[in-house]
Amino acid sequence: MTNNWPNTLTWIRIISIPLIVVVFYLPVPWARPAVGLLFALAGITDYLDGYLARRLGQTSSFGAFLDPVADKLIVATALVLLVQKDPQPYLAIVAAIIIGREIAVSALREWMSQVGERAHVAVSFFAKCKTTVQIIGIALMLYEQPLFGLPIYTIGMVLLFVAAGITVWSMLDYLRAAWPVMMKSR
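Residues numbered from 1 in each chain as written. Predicted model: local features only at pLDDT ≥ 70, side-chain atom pairs only at ≥ 80, totals over all residues. Heavy atoms only, no water.

**Student:** Hey, could you run me through helix α6 (residues 152–184) in this one?
**Tutor:** Side chains that are three or four residues apart share a direction in an α-helix, a result of its 3.6 residues per turn. With 33 residues, α6 extends 48 Å between its outermost C-alpha atoms, agreeing within 8% with the 48 Å of an ideal straight helix rising 1.5 Å per residue. Of all the bends in α6, the greatest, near 50°, is centred on A178, and the proline P180 appears no more than four residues after it. (Helix = DSSP H or I, 4+ residues; strand = E, 2+ residues; numbered from the N terminus. Expected span 1.5 Å × (residues − 1). Bend = angle between axes of the 7 residues up to and from the residue.)

**Student:** What am I meant to see in helix α4 (residues 89–114) here?
**Tutor:** Taking 1.5 Å of rise per residue, the 26 residues of α4 would be expected to cover 38 Å, and the 37 Å separating its terminal C-alpha atoms lies within 8% of that figure. Those residues of α4 not exposed but buried are L91, V94, A95, I98, R101, E102, V105, L108, R109 and M112. The inward-facing, buried residues of α4 abut α3 (61–85), α5 (125–143) and α6. Looking one or two places after α4, you find G116, whose phi comes out positive at around 75°. (Buried < 20%, exposed > 50% of the residue type's maximum accessible area, 1.4 Å probe, protein only. Contact = heavy atoms within 4.5 Å.)

**Student:** What is the right way to look at the packing of helix α2 (residues 31–55) against α3 in this model?
**Tutor:** Angle between the axes and distance between the axes: these two values describe a pair of packed helices. Contact geometry for α2 and α3: axes closest at 11 Å, N-to-C directions at 160°. In terms of their interaxial angle, α2 and α3 are classed as roughly antiparallel. You can see that α2 and α3 cross each other, and the crossing is left-handed. Where α2 abuts α3, its residues R32, F39, A42, D46 and D49 lie against D67, D71, I74, V75, A78, L82 and K85. Grouping the amino acids of the contact of α2 with α3 by side-chain chemistry returns 6 nonpolar, no polar and 6 charged. (Axes fitted to C-alpha atoms, helices over the stretch in contact; angles between N-to-C directions. Parallel < 35°, antiparallel > 145°, perpendicular 65-115°, else oblique. Left-handed = near helix turned anticlockwise from the far one by under 90°. Nonpolar A, V, L, I, M, F, W, Y, C, P; charged D, E, K, R; others polar.)

**Student:** Would you mind showing me how to read the side chain of E102 here?
**Tutor:** Examined against the element boundaries, E102 turns out to sit in helix α4. Assessed through its relative accessible area of 10%, E102 is described here as buried. At a separation of 3.1 Å, a polar atom in the side chain of E102 contacts the side chain of K72. Not counting residues up to four positions away in its chain, the partners in contact with E102 are K72, K130 and Q134. (Polar contact = N/O pair within 3.5 Å; in protein donor to acceptor, adjacent residues only side chain to side chain.)

Structure follows, in structure tokens:
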């Protein structure tokens, strides 16, 4: 069944991507805080859809497929926006690490599924930590403006660097888990 509350929240996250892009480029002073808040709300729906799926007994194979796709789409879009607005090499490298890991792990999961070993690369604790730090960091960078005297963009950047470190760690964790199967399949 694909028509349920958790999947609806996931679709809302996907549909919010063009809105995030449009608001990001609005020539008004409130655009960046608004886009940061929109992204944060989208991040909250990422946790809420999984919680509701389990709580309401509405898990589905379609939801299990769509949720990570939505996550990757919204994060990649936000990273592209941030790099375009602040084209520094260090930010581009962090974005490439995060997006590259998402592509690599998705491909690894697909391959492991094809060889009947998908359980070896189930979502890990490191991946959940990565997602949390990444969502908060990106939301703060999108928000950009200081808040209560705090340098929100800089705090977000630090969190994004931490997320990049966890990203590499979690990818290595997935590769370690998949390694025996990869060696058997050579």
